[in-house]
Amino acid sequence: MAESLINTEIESWPEQELRGHRIPGSRYTSREFAEQEWEGMWTKVWLLLGRESEIPNPGDWQCEEVGPESILMVRQTDGGVKAFYNVCQHRGQPLVSDEKGSVKRFVCRYHSWAFMPDGSLNFAPDADDFPEGNPCGKVTLEELRCETFAGFVWVNMDPDCVTLQEFLGPIWDDWQSRDLHTWKRYAAPTTTLPCNWKVVLDNFNESYHVPTVHMAAKPSTNRRKVQGAINTNYKETRFDLSNEGHNRMIMRGGYGVGATDKEGNIQEPLASELKHWELDPEDFKGNPEGTREALQQAKRRLGPGRGYSHYSKIPDEQFTDAFHYTLFPNFAVSVWADGFHFLRARPHPTDPEQCIFDNWWYASQPEGDNLPVSTMLGPVERDAEVPHDVFEVGEKSMGKTIDEDIAVFVRQQKGFRSRGYKGVYLANQENRVRRYHELIDDYIDGKLPQR
Ligand code: FES
Ligand SMILES: [Fe+2]
């Protein structure tokens, strides 16, 4: 019975073998392990680091940090994007210290060496004074592999890496027909968290915590009765693990027990969403499950006329259900019909017990419709992308749900320091957690999945 409720129209990914990793606490606290991870994994994977729309014109650049590195992504005159390590090849001064800008040349603040947007050295003072000859025409910025996909700029520090398409595997297929590259950013808070980056990714790789952390479930709670707008029952959730180390979880949405009151009336925000799509909440009294298919059909029928031109490219399920992806190693994203929740954790430059956490939203911009980007985000202006907002943890809210997750992260990091913690005891629905830890070890051992 339960099986029949699982999505069947979406193709499954191949089965993966798990080895039973116990994921000891030292993985989250040890400097030695962090160094192995950096050398073996971070410097070998494709990393989602920039956004094409941030650098539309030749000479526009964006600079992003990952661990100890600072990476400069620069729009070229031919429309492409190149990535360089943000370091002057004269004596090692970082070239830029802001997050973005636009240049004709990058002029180093130490001795005025000037590099063109393509990385070539164009000027050095006293060029005739160098015993090895004029550095111009010889010296260039150190370039990394760089590709673009879904509107993002991806970089890889490994010169021998596979293509981004090979690395992304089924993600590429799932996303390439979507219009994700046109979606704009409507929330962009970033903060440093006092926990290892994997604490964050572990959490976004399972939904087992959702009833307890986000729905006030107690041991005595009937878990079928705390579904909210999303069905969190693992038996009715699709889990897929890819060869490449990426994961997908599909949860049925658009209805839920929590979406009705005692008399069976549909509650907010589902009631408003139904009305927005010309459906009467009264018609679904006592039958919240019925809203899912009705919403899918209404969006299919009315969406294109309201400016949702991309609706023709997406399956019915995506109109209501949560498509939650985790991309190896550090990017978690819930892709909806009209927006995606962007969650990324980057390693701290020196401390394994801290990470940089981004909690952003991107959304489509249909002409002539004013549906909120997300119920988590509240109403936002749809015409302009919001600027990046960096703050100290706790200084501002990241939204109720993410604040609840963060409270767990901070406490969990402390648990990982205990000599009394012997490692995990995982449920099947937490297989995605185990899988990416096993893959980190594979990378450290030099066993890259695509080779
Ligand atoms: S370090 Fe950049 S010009 Fe000297
Ligand atoms: Fe959560």
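Residues numbered from 1 in each chain as written. Chains lettered and ligands numbered in written order. Predicted model: local features only at pLDDT ≥ 70, side-chain atom pairs only at ≥ 80, totals over all residues. Heavy atoms only, no water.

1. Some points on the coordination of the iron ion (ligand 2)
Put simply, the rule reads: Excluding water, the donors of a metal are its N, O and S neighbours within 2.8 Å, or within 3.2 Å for Na, K and Ca, and that exclusion means sites may look incomplete. Every angle between 85 and 135 degrees makes a four-donor site tetrahedral, while opposite donors more than 155 degrees apart, with all other angles between 65 and 115, make a four-donor site square planar and a six-donor site octahedral; other sites are irregular. Helix numbering and strand numbering both begin at the N terminus, where a helix is a DSSP run of H or I of at least 4 residues and a strand a DSSP run of E of at least 2. A simple rule labels every residue: compare its accessible area, found with a 1.4 Å probe on the protein chains alone, to the largest value its type can have, and call it buried under 20%, exposed over 50%, or partly exposed in between.
Surrounding the iron ion (ligand 2) are the protein donor atoms His209 (NE2), His214 (NE2), Asp405 (OD) and Asp405 (OD), which sit 2.1 to 2.6 Å from the metal. Around the iron ion (ligand 2) sit four donor atoms, and with donor-metal-donor angles ranging over 54 to 143° the site reads as irregular. Each donor residue of the iron ion (ligand 2) belongs to the same chain, and together they define the spacing H-x4-H-x190-D. Within this pair, whereas His214 is found in helix 5 (residues 210-214), its partner Asp405 is found in helix 8 (residues 400-416), the two being separated by 191 residues in sequence. Here His214 falls in the buried class, since its relative accessible area comes to 17%.

2. Points about the pattern of salt bridges
What counts is decided by this rule: Within this document, salt bridges are pairs made up of a side-chain nitrogen of Lys or Arg and a carboxyl oxygen of Asp or Glu, the two lying within 4 Å of each other.
Taken as a whole and assessed by the stated rule, the structure comprises 21 salt bridges. Of the charged contacts in the structure, one is a salt bridge between Lys82 and Glu143, with a shortest N-O distance of 3.5 Å. Taken together, the residues Lys82 in strand 4 (residues 81-85) and Glu143 in strand 9 (residues 143-149) connect sequence positions 61 residues apart. Note on Glu143: relative accessible area 41%, which makes it partly exposed. Two residues, Asp174 and Arg248, come together in a salt bridge whose shortest N-O distance is 2.9 Å. Here the residue Asp174 occupies a position in helix 3 (residues 170-176), and Arg248 occupies one in strand 14 (residues 247-251), the gap between them amounting to 74 residues. Residue Asp174 is classed as partly exposed on the basis of its relative accessible area of 24%. Residues participating in the shared-partner salt-bridge network are Glu64, Arg344, Arg346 and Asp358.

3. Looking at the packing of helix 4 (residues 197-204) against helix 9 (residues 431-444)
When two helices pack together, their arrangement is given by the angle between their axes and by how far apart the axes lie. Counted only if it meets this: Fitted lines through C-alpha atoms serve as axes, helices being fitted only where they are in contact, and the angles separating the N-to-C directions of these axes extend from 0 to 180 degrees. To sort the angles, those under 35 degrees are grouped as roughly parallel, those over 145 as roughly antiparallel, those from 65 to 115 as roughly perpendicular, and the leftovers as oblique. Each helix crossing is assigned a hand: it is left-handed if the near helix lies turned anticlockwise from the far helix by less than a right angle, otherwise right-handed if that turn is clockwise. Contact definition: two residues touch when any of their heavy atoms are within 4.5 Å.
For the pair helix 4 and helix 9, interaxial distance at closest approach is 8 Å and the crossing angle is 140°. If you check the angle between helix 4 and helix 9, you find them oblique. As helix 4 packs across helix 9, the resulting crossing turns out to be right-handed. Contacts between helix 4 and helix 9 involve Trp197, Lys198, Leu201, Asp202 and Phe204 on the former and, on the latter, Arg432, Val433, Tyr436, His437 and Ile440.

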